[in-house]
Amino acid sequence: MNAAYEFVVGPLAWIAGAIFVLGSIYRLVSMYALAVKKDYSSLPYMDLKYSLRSIIHWLNPFGTAGWKASPWTAAVTFIFHICLIITPLFLLGHAVLLETFHGIEWPTISDGLADGLTMLVIAGCIFFIIRRATVDKLKYITSGMDWFVIFLVLATFLTGFAAYHQWLNYQFILILHILAGEAMLASIPFTRLSHMIFWVFIRGYMGSEFGKVRHAKDW
Amino acid sequence: MKKQLSVILLLAAAVLLYLAPAYSQEDMTQLLDPAFTTHQRPAAVFNHDGHNEKAEIEDCSVCHHVYEGERKVMDDSSEGTPCSECHAVDAEEGTPLRMAYHRMCTDCHTAKGKGPVTCGECHVDK
């Protein structure tokens, strides 16, 4: 078990991190190249002011007609994403690893708070699963990929929760948790999770198109 | 009733205080360093003498070390001096306390391929 653990926190973590960083750069560069090739005329219309105007409106859960039309989905979406990012980034367990391996001091939230945020992420996953399975409009556009990423996030947080509480076989669950987390990180550039790197540009594009070209709001 | 209870509690406290100095590394089964003002994790299991016997560590200075500048002094040891005396919890220079414990314990376990390396194996929930 020690050897398996040391492999997943050591070399495999570097590999997952490298795939995430290099993969993201590759996807951004190739997307830009594609835009130049296929839709060159729209590039000059990209506009910082209109981009930011759209991004800021969509970052406000009450700021767009889209959010207001489904307030529950908007609420869950915002809470889910905030917890999803804050929890792993400031988790004590992750910070202690960073400190022990690399001597890096990193701010943390308390384990109690992290526990609560984790439960919110898990609840959010269940909400999204039920929504995709029951809302006809969504069922129609849902692919295997969408299910894959939801269950990957769910698996990562469920195993993290179980490991923290030392349920079942602790070491086995912990190794599963690390593997799931690394799979999630490495799959960001190449799955639906790529909205993490693309959303700013997509929103910026829409905002510029609507603001500068059509003189209309996109929120 | 209330008075009786407080007398018992006082007696119990006195007994504990009397016993405290008699506590030594032989009786040590766990580490819960009071230098940390709050404890976020359960105490770390560490049966002082049993551990060192099983791990075959005879030289106390492997853990109770003494440094001169950057270098470890080979033939001196610091048992009896708490780690926290030289490793402050939020030391700006050198190795802060939490890092000191974790590096000392897990570095050896990793090198030996034996002994706990994951959080929950040391900080066991009771």
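Small disclaimer: the values here were computed from a predicted structure and weren't measured. (Residues numbered from 1 in each chain as written. Chains lettered and ligands numbered in written order. Predicted model: local features only at pLDDT ≥ 70, side-chain atom pairs only at ≥ 80, totals over all residues. Heavy atoms only, no water.)

(A) Fine view of unusual backbone geometry. Of note in the backbone geometry, L168(A) takes a positive phi value of approximately 55 degrees without being a glycine. Relative to the elements of secondary structure, L168(A) occurs in the loop between α9 (144-164) and α10 (170-187). Exposure remark for L168(A): the relative accessible area of 74% places this residue in the exposed category. Unlike most non-glycine residues, E56(B) shows phi in positive territory, near 55 degrees. By the element assignment, E56(B) lies in the loop between α2 (48-54) and β3 (67-68). A relative accessible area of 66% places E56(B) in the exposed class. (Helix = DSSP H or I, 4+ residues; strand = E, 2+ residues; numbered from the N terminus. Buried < 20%, exposed > 50% of the residue type's maximum accessible area, 1.4 Å probe, protein only.)

(B) The arrangement of the confidence of the model for chain A in detail. For chain A, per-residue confidence averages 91 on the pLDDT scale, and 100% of positions sit at 70 or higher. The weakest mean pLDDT in chain A belongs to helix α4 (residues 65-69) of chain A at 79; the strongest belongs to α10(A) at 97. (pLDDT = per-residue confidence, 0-100.)

(C) The packing of α9(A) against α10(A), seen in detail. Residue and element names in this part refer to chain A. Contact geometry of α9 with α10 gives a least axis separation of 8 Å together with a crossing angle of 150 degrees. Considering their axes alone, α9 and α10 lie roughly antiparallel with respect to each other. α9 and α10 meet at a crossing whose hand is left-handed. Where α9 approaches α10, its residues L152, V153, A155, T156, F157, T159, G160, A162 and A163 are matched on the opposing element by Y170, I173, L174, L176, H177, A180, G181, A183, M184 and S187. Of the residues assigned to the contact of α9 with α10, the class counts are 13 nonpolar, six polar and no charged. (Axes fitted to C-alpha atoms, helices over the stretch in contact; angles between N-to-C directions. Parallel < 35°, antiparallel > 145°, perpendicular 65-115°, else oblique. Left-handed = near helix turned anticlockwise from the far one by under 90°. Contact = heavy atoms within 4.5 Å. Nonpolar A, V, L, I, M, F, W, Y, C, P; charged D, E, K, R; others polar.)

(D) Representation of the side chain of T156(A). Residue and element names in this part refer to chain A. In this fold, T156 is placed in helix α9. We classify T156 as buried; its relative accessible area is 5%. A distance of 3.5 Å separates a polar atom in the side chain of T156 from the backbone oxygen of A180. Discounting residues that sit within four places of it in the chain, T156 has contacts with H177, A180, G181 and M184. (Polar contact = N/O pair within 3.5 Å; in protein donor to acceptor, adjacent residues only side chain to side chain.)

(E) Summary view of the interface of chain B and chain A. With 20 residues of chain B at the contact, the number on the chain A side is 20 residues. Across the interface of chain B and chain A, roughly 1700 Å² is buried in total on both sides, 47% from carbon and sulfur atoms. Area buried by chain B at its contact with chain A is led by Q40(B), R41(B) and R98(B), which between them contribute 29% of it. Here chain B is connected to chain A by two salt bridges. R98(B) serves as the salt-bridge partner of E99(A), at 3.0 Å between the closest nitrogen and oxygen. In this assembly, chain B and chain A are joined by eight residue pairs in polar contact (both at pLDDT 80 or more). The set of elements that each furnish at least two residues to the side of chain B that touches chain A consists of α4 (97-112) and α5 (119-122) of chain B. Ranked by residue count, the leading element in the side of chain B that touches chain A is α4(B), at six residues. Looking at the side of chain B that touches chain A, its residues break down into five nonpolar, nine polar and six charged. (Buried area = accessible area lost by both parts, 1.4 Å probe. Salt bridge = Lys/Arg side-chain N within 4 Å of Asp/Glu carboxyl O.)

(F) A nonpolar patch on the surface, seen in detail. All names here are of chain A. There is a patch of nonpolar side chains on the surface, built from L28, L59, W199, V200 and F201 and spanning about 440 Å² of accessible area. The biggest single contributor to the nonpolar patch is helix α11 (residues 195-213), with three residues. Turning to its location among the elements, F201 is positioned in helix α11. (Patch = residues over 30% accessible without salt bridge, like charges linked within 9 Å, V, L, I, M, F, W, Y side chains within 5 Å. Areas by Shrake-Rupley, 256 points an atom, 1.4 Å probe, with all protein chains shown as cover.)

(G) Summary view of the pattern of salt bridges. All names here are of chain A. Summed over all chains, the structure comprises five salt bridges over all chains. For D136, the salt bridge goes to K139, with nearest N and O atoms at 3.5 Å. Here K139 and D136 lie together in helix α8 (residues 136-141), a separation of three residues that amounts to about one turn. Taking relative accessible area as the criterion, K139 reaches 44% and is therefore assigned partly exposed.

(H) Molecular detail of a positive patch on the surface. Residue and element names in this part refer to chain A. Together, K49, R53, K68 and K217 make up a region of like positive charge exposed at the surface. If you trace the backbone, K49 turns up in helix α3 (residues 48-58). Overall, K49 belongs to the exposed group, its relative accessible area being 56%. (Lys, Arg positive; Asp, Glu negative; His and termini not counted. Charge placed at Lys NZ, Arg CZ, Asp CG, Glu CD.)

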